[in-house]
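The chain contents come next:
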Amino acid sequence: MIRAVPGHHLAHPDHHLVRPDPGSDVTTRIEAPATGAFTIVMRDDTSYCVRTLGRAPAGGGTVSPGGSAPAVAEAYRAFQRDLRDALRTVVPRPGGLRFHLVDAHHLELAVRRRVTGGPPVSLDPLLDRAVRPLRVSRGFLLGGRRQVGLVPRPGAAPIRDQIASLPPDPAGRGYTLIEDDIATGGTVAAVIRLFQDTGRRVRHVIPGIRLGGSAHSPILGAAVDPVLHYRTAAGPDGPALELLDPRNFLLGLSGLVVRLPDGTWGRTPYWLPFVRTSARLGSPAGADREFAVLMLEANARFVARVDHLLRRTLRVADLRPDARRPLLSLGMAEPGEPVRSVLRKLQAGMDSWSELIAEVEERSTDVPAGSAAR
């Protein structure tokens, strides 16, 4: 069943807060108008950000739940506001932009309520507690324009090995896949095929958010039961709906999984010099540089706040291994270098770094799709 729920969001000065009902078994339908404001849906991944930063610092000054965590959370919310402002600046839409910020905690509770079938396996990095995670991502070449197929997340075992290590399905009910969002369904379909190749069956897929199409349209025979279903008709300027995660725009927190020149995999934020933002979001290519400058400034403000809260300098060595690997591999930074210094360097050398990465992108050859999954 699908229903449109009145009052499903609360209006804020620059966004609408969407709070799924964790006690409901019914998919909530949200209509995005085809004309007027362009709708961008974001999950509020603040808690994930704070947990990740709490694990990251290698030299003391960690994020503590009762101390600095609330302040770091507020700093990250300020970064999200900076991101929304930057998008408004570089994404020209006749009716402007409308942001829906989805409460990630309520969304997680609603997803968990739907898990009633076989063993649950989560593809969602924000939801891996008390379920078995499958650490896979779509892999890209530097620049973000060329996809090379489904790959393990940096540092994870080959995908087939991960699937082989999953707990058995003794009742034969089939596995339940948990996913953060589904747009085309390509990633979920690729995972289901890999399960099938190893003699396992996926019978149920639970996405937090599904974009477009039919809410419950099955994927390769697996039933789909989303918590939220966003849909819209294409307007005169094309599709009027986009979904993105704020953490992908913060250096060191997450980002696009990219193949590096040495053949390893890392994560880079969705801005130049690493990724052409227009290749990932459909924003104007001519605005990529302006957006990158705005994001570098927003990143610098966030890191300055974190340095102050932790009473220490956040350094490259403190970043997640998959996030610092591109910086070291491309010669952009040294392990002991302050992150704020790296951000200044990236902004000052934006054009030269972008040229270097463009050359690397042109020289690269695609990894055969699926080869990294074996």
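It should be emphasised that the depicted structure is a prediction, and the values quoted were computed from it without experimental measurement.

Trainee: Describe in detail empty space enclosed by the protein, supporting the description with residues and values.
Mentor: One simple way to see leftover space: roll a probe sized like a water molecule over the atoms. Here the structure, examined in full by the defined rule, presents two cavities of 30 Å³ or more. Lining the largest cavity are twelve residues, and of these Leu-53, Leu-251, Gly-252, Leu-314 and Leu-319 sit closest to its centre. Secondary-structure elements contributing two or more residues to the lining of the largest cavity are helix H1 (46-55) and helix H7 (288-310). For the lining of the largest cavity, the residue count by class is nine nonpolar, two polar and one charged.

Trainee: So, the packing of aromatic side chains: which residues are in play, and what are the values?
Mentor: By convention here, two paired aromatic rings are described through the distance between centres and the angle between planes. This model, assessed by the stated rule, comprises seven aromatic pairs. Here the aromatic rings of Phe-249 and Phe-291 are separated by 5.9 Å at their centres, their planes lie at 85°, and the arrangement is edge-to-face. Of this pair, Phe-249 sits in the loop between strand E15 (241-244) and strand E16 (256-259) while Phe-291 sits in helix H7, and the two are 42 residues apart along the sequence. Taken together, the ring pairs connect Tyr-76, Phe-79 and Phe-302 into an aromatic cluster. Over the ring of Tyr-48 we find Arg-247; its NZ or CZ atom is 5.3 Å from the centre of that ring.

Trainee: Now, about the sheet that holds strand E17 (residues 265-268): what can you tell me, with residues and values included?
Mentor: The strand order E10-E9-E16-E17 describes an open sheet built from four strands, whose pairing is mixed. One side of each edge strand has no neighbouring strand; the edge strands of this open sheet are strand E10 (147-152) and E17. Pairwise comparison of adjacent strand axes, ignoring direction, gives a mean angle of 45° for this sheet.

Trainee: An account of the side chain of Arg-153 is needed here, citing residue identities and associated values.
Mentor: Looking at the element boundaries, Arg-153 is found in the loop between E10 and helix H4 (159-164). Salt bridges are absent for the buried Arg-153, whose nearest opposite-charge side chain, Asp-128, sits at 6.1 Å. Separated by 3.3 Å, the side chain of Arg-153 and the backbone oxygen of Val-136 make a polar contact. If sequence neighbours within four positions are ignored, Arg-153 has contacts with Leu-123, Asp-124, Pro-125, Leu-134, Arg-135, Val-136, Ser-137 and Arg-267.

Trainee: Can you break down the nonpolar core residue by residue, with the values?
Mentor: If you look at the biggest cluster of nonpolar residues, it comprises 62 residues, and the most contacted ones within it are Leu-87, Phe-249, Trp-271, Phe-291, Met-295, Phe-302 and Leu-327. Within the residue set of this core, elements represented by two or more residues are strand E5 (38-44), H1, helix H2 (69-90), strand E6 (97-103), E16, H7, helix H9 (339-348) and helix H10 (350-363). If one sorts the elements of this core by residue count, H2 sits on top with ten residues. Excluding its chain neighbours within four sequence positions, the residues that come into contact with Trp-271 are Phe-249, Leu-251, Thr-277, Phe-291, Ala-292, Met-295, Leu-296, Asn-299, Leu-343 and Leu-346. The next biggest cluster of nonpolar side chains, apart from the first, holds 22 residues, and it includes Val-121, Val-205, Ala-222 and Val-224.

Reading the values: rules and limits
Residues numbered from 1 in each chain as written. Predicted model: local features only at pLDDT ≥ 70, side-chain atom pairs only at ≥ 80, totals over all residues. Heavy atoms only, no water. 1 Å grid on protein atoms, 1.4 Å probe; cavity = no way out; pocket = protein on both sides within 12 Å on 5 of 7 lines; lining within 4 Å. Points joined across faces, edges and corners; volume = space filled by probe spheres on them. Helix = DSSP H or I, 4+ residues; strand = E, 2+ residues; numbered from the N terminus. Nonpolar A, V, L, I, M, F, W, Y, C, P; charged D, E, K, R; others polar. Phe/Tyr/Trp six-rings, centres within 6.5 Å; stacked < 30°, edge-to-face > 60°. Lys NZ or Arg CZ within 6 Å of the ring centre and 35° of its normal. Pairing = 2+ DSSP bridges. Axes fitted to C-alpha atoms, helices over the stretch in contact; angles between N-to-C directions. Buried < 20%, exposed > 50% of the residue type's maximum accessible area, 1.4 Å probe, protein only. Lys, Arg positive; Asp, Glu negative; His and termini not counted. Salt bridge = Lys/Arg side-chain N within 4 Å of Asp/Glu carboxyl O. Polar contact = N/O pair within 3.5 Å; in protein donor to acceptor, adjacent residues only side chain to side chain. Contact = heavy atoms within 4.5 Å. Core = buried A, V, L, I, M, F, W, Y, C linked by side-chain atoms within 4.5 Å.

Interpretation in functional terms is not warranted from these geometric data alone.
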